[in-house]
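One-letter residues, chain by chain:
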Amino acid sequence: MRLLITGGAGFIGSNFVQYAARAYPKYEIVNVDLLTYAGNLDNLAEVEKLPAYRFVRADIGDRGKLEPLFQEGFDVVVNFAAESHVDRSIAQPDLFVRTNVLGTQTLLELSKQYGVKRFVQVSTDEVYGTLGDEGLFTEETPLAPNSPYSASKAGADLLVRAYSETYGLPVNITRCSNNYGPYQFPEKLIPLMIGRALSDKPLPVYGDGLNVRDWLYVEDHCRAIDLVIHYGRNGEIYNVGGNNERTNLHVVRTILKELGKPESLISFVSDRPGHDRRYAIDASKIRRELGWTPQYPYEIGIKETIQWYLRNEEWLRRIETGEYRRDG
Ligand code: NAD
């Protein structure tokens, strides 16, 4: 099996590359990543030397650079590459359209042209918009994205569908809730708060802190993608989520407690424009059809994650100083 992983130097992508290299040592893995600020080759130190693994620095929208790779032939393409931070999408929506929409379309086109057997688009529950106090997102929930980030991901999802319907490209889309775990770039809630708490800096919490997210340990997401690659039904969308709804404030308090830091570090700041109130996933389809169940209860996963960042302060430090940026 030859796998093309895009965005494999980012948070989830690098966890997936490590997971796949462990689970399938005979698979050939090509990792294409542009190494934006979010791409970090430090994440891949353990797989870098494996003969079945190769890294190529490229933009997923750069057809000229990608075509020779596709000519080598891939069985499966898993597209993790994206601009992924909602706040950045509010400041720079054009970049999100370029990478998330046009980049995905370039990959779809090359996959069609060179006979890729399965294209897996790693999407997000944010494409469904926001929920009130009740209810869950199912795969049938209408798309109602509220941020430029989620709108660009929804646009990509629709192109994936169109390539399946129009050209018969075999595809799947996964829509996952918020991930947490090792190697997450410290602009996202959990590593940001851990880093700031460790330096006794104020922890900025948006609005009243009561926005709810459904948290999933990244390895559980990797296992879901593994199942979709091998057993997903052609053309299907699979929601992935952990049934772990927590308010942002709850998450931040857990981090402070675990690190023995005072709650007085919490600093409420003006809310993000268009901030979705609640996300929650109905993951019964992937459980029923592919037998996926999350293995990390939130209370255990969050503690392990905090411990990982404590053990890997050097990883965080290299990001803070910019040393992690290398020419790939
Ligand atoms: P990330 O920001 O940590 O990593 C993104 C990676 O993509 C980086 O390595 C970056 O260098 C690379 N990249 C960006 N633009 C590129 C381009 N034009 N060409 C090639 N590479 C490029 O993101 P993440 O949190 O690991 O998310 C990965 C995927 O999963 C994204 O598609 C995201 O929408 C989706 N997702 C994330 C979450 C989450 O909680 N983090 C939840 C659901 C879905």
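Reading the values: the criteria
- Throughout, a residue's number is its position along its own chain's written sequence, starting from 1.
- In keeping with the predicted nature of the model, local features appear solely for residues at pLDDT of at least 70, side-chain atom pairs appear and are counted solely at 80 or more, and the whole-chain, interface and lining totals rest on all residues.
- Side-chain numbers here rest on the full set of heavy atoms in the structure, without hydrogens or water.
- UniProt positions are given in the numbering used here, feature names are shortened, and annotations may be inferred rather than shown by experiment.
- A run of H or I in DSSP counts as a helix once it spans at least four residues, and a run of E counts as a strand once it spans at least two, with each numbered from the N terminus.
- Each polar contact in these results corresponds to two N or O atoms within 3.5 Å; when the atoms are within protein, one needs to be able to donate a hydrogen and the other to accept it, and residues that are neighboring in sequence are counted only if both atoms are side-chain atoms.
- Whether two residues touch is decided by their heavy atoms; if any such pair falls within 4.5 Å, the residues are in contact.
- Here pLDDT means the predictor's own confidence in every residue, given as a number from 0 to 100.
- Fitting a line to C-alpha atoms yields each axis, with helices limited to the stretch in contact; the angle taken between N-to-C directions then spans 0 to 180 degrees.
- In this scheme, roughly parallel covers angles under 35 degrees and roughly antiparallel covers those over 145, while 65 to 115 is roughly perpendicular and the rest are oblique.
- The crossing is said to be left-handed when, going from far helix to near helix, the turn is anticlockwise and less than a right angle, and right-handed when the turn is clockwise.
- Each residue gets one label: Ala, Val, Leu, Ile, Met, Phe, Trp, Tyr, Cys and Pro are nonpolar, Asp, Glu, Lys and Arg are charged, and the others, such as Gly, are polar.
- Buried Ala, Val, Leu, Ile, Met, Phe, Trp, Tyr and Cys residues that are joined via side-chain atoms within 4.5 Å together make up what is termed a nonpolar core.
- To sort residues, take the accessible area from a 1.4 Å probe on protein chains only and compare it with the maximum for the residue type: under 20% means buried, over 50% means exposed, and anything in between is partly exposed.
- Each pair of aromatic rings taken from Phe, Tyr and Trp, with Trp reduced to its six-membered ring, is defined by centres within 6.5 Å and is described as stacked if the planes are under 30 degrees apart, edge-to-face if over 60, and tilted in the remaining cases.
- At least two DSSP bridges between two strands are required for those strands to pair.
- Whether a residue is near a molecule or strand is decided by its heavy atoms; if any one of them lies within 4 Å of it, the residue is near.
- Calculation of accessible area relied on Shrake-Rupley with a 1.4 Å probe; when residues are assessed, cover is drawn exclusively from the protein chains displayed.

Going by what an unreviewed UniProt entry lists, the chain is known as dTDP-glucose 4,6-dehydratase and is assigned to Cohnella xylanilytica. Per its UniProt entry, the chain bears the Sequence similarities (unreviewed entry) comment "Belongs to the NAD(P)-dependent epimerase/dehydratase family. dTDP-glucose dehydratase subfamily."

Undergrad: Just to check I follow, could you spell out the side chain of Asn 244 for this structure?
TA: Along the polypeptide, Asn 244 turns up in the loop between β10 (237–240) and β11 (245–247). Within polar-contact distance, the side chain of Asn 244 engages the backbone oxygen of Gly 242 at 3.1 Å. Once residues lying within four places of it in the same chain are set aside, the contact partners of Asn 244 are Arg 213, Asp 214, Trp 215, Tyr 296 and Tyr 298.

Undergrad: When you look at the confidence of the model for the chain in this model, what are you seeing that I'm missing?
TA: Low-confidence regions, as indicated by low pLDDT, have predicted coordinates that should not be scrutinised in detail. Averaged over the chain, the pLDDT score is 96; the fraction of residues at 70 or greater is 99%. The weakest mean pLDDT in the chain belongs to helix α11 (residues 313–321) at 93; the strongest belongs to strand β4 (residues 76–79) at 99.

Undergrad: Which parts of the structure should I look at to understand the packing of helix α4 (residues 93–113) against helix α5 (residues 148–167)?
TA: Between α4 and α5, the shortest axis-to-axis distance is 9 Å and the interhelical angle comes to 15 degrees. Our classification of the angle between α4 and α5 gives roughly parallel. Our pair here, α4 against α5, has a crossing hand that is right-handed. Of α5, the residues touching α4 (which contributes Pro 93, Phe 96, Val 97, Asn 100, Val 101, Thr 104, Gln 105, Leu 108, Glu 109 and Lys 112) are Pro 148, Tyr 149, Ser 152, Lys 153, Ala 156, Leu 159, Val 160, Tyr 163 and Tyr 167. Taken together, the residues that form the contact of α4 with α5 break down as twelve nonpolar, four polar and three charged.

Undergrad: I tried to follow the nonpolar core on my own but got confused; where do I start?
TA: The nonpolar side chains of soluble globular proteins are, as a tendency, buried together. Ranked by internal contacts, the top residues of the largest apolar core, which has 38 residues, are Phe 16, Val 78 and Ile 286. Of all the secondary-structure elements, those providing two or more residues to this core are β1 (2–6), α1 (11–23), β4, β5 (118–124), α7 (218–231), β10 and α9 (284–290).

Undergrad: Explanation requested: the packing of aromatic side chains in the structure shown.
TA: Aromatic rings considered in pairs are described by the distance between their centres and by the relative angle of their planes. According to the stated counting rule, one finds 19 aromatic pairs in the structure shown. Ring centres 5.6 Å apart and planes at 80 degrees place the aromatic pair Phe 70 and Phe 74 in the edge-to-face group. Taken together, a centroid distance of 6.3 Å and an interplanar angle of 75 degrees make the contact between Tyr 180 and Trp 215 edge-to-face. Within this pair, whereas Tyr 180 is found in strand β7 (residues 178–180), its partner Trp 215 is found in strand β9 (residues 212–217), the two being separated by 35 residues in sequence.

Undergrad: Where do I start with the sheet that holds β7 in this structure?
TA: To summarise the sheet geometry, strands pair through backbone hydrogen bonds and adopt either a parallel or an antiparallel arrangement. Pairing in this open sheet of three strands is mixed, and the strands run β7-β9-β11 from one edge to the other. For this open sheet the edge positions go to β7 and β11, each flanked by a neighbour on one side alone. Here the average twist between neighbouring strands, direction ignored, is 50 degrees. In terms of strand pairing, β7 meets β9 through three bridges, oriented parallel. Considered in β9, the bridge of Asn 179 is made with Leu 216. α7 contacts β7 and β9 of the sheet and is inclined by roughly 70 degrees relative to β9.

Undergrad: When you look at the pairing of strand β8 (residues 203–206) in this model, what are you seeing that I'm missing?
TA: In the case of a regular strand, side chains alternate between the two sheet surfaces. Of the two faces of β8, the one holding Leu 203 and Val 205 is buried and the one holding Pro 204 and Tyr 206 is not buried anywhere. Pairing between β8 and strand β12 (residues 266–269): four bridges, direction parallel. Among the inter-strand pairings, Leu 203 is bridged to a residue of β12, identified as Ile 266.

Undergrad: Looking at this structure, how should I read the site of the ligand?
TA: The immediate surroundings of the ligand are formed by 28 residues, with Ile 12, Asp 33, Ser 84, Tyr 149 and Lys 153 found nearest. Within the side chain of Asp 33, a nitrogen or oxygen atom sits 2.6 Å from an oxygen atom of the ligand. The protein chains hide 97% of the 840 Å² of surface that the ligand would expose on its own. Those elements giving two or more residues to the shell around the ligand turn out to be α1, β5, α5 and β7. The element contributing the most residues to the shell around the ligand is β5, with three residues. Its residues placed into classes, the shell around the ligand shows 14 nonpolar, eleven polar and three charged.

Undergrad: For this particular structure, what's the right way to read the environment of Lys 257?
TA: The topology assignment puts Lys 257 in helix α8 (residues 248–259). Considering only alpha carbons, one finds Lys 257 and Tyr 231, 26 residues apart in sequence, at a separation of 41 Å.

Undergrad: How should I be thinking about the UniProt feature "domain: NAD(P)-binding" (unreviewed entry) in the chain in this particular structure?
TA: Following the UniProt record, one finds the feature "domain: NAD(P)-binding" (unreviewed entry) at residues 4–305. As annotated, residues 4–305 comprises 40% helix and 18% strand, and the C-alpha atoms at either end are separated by 28 Å.

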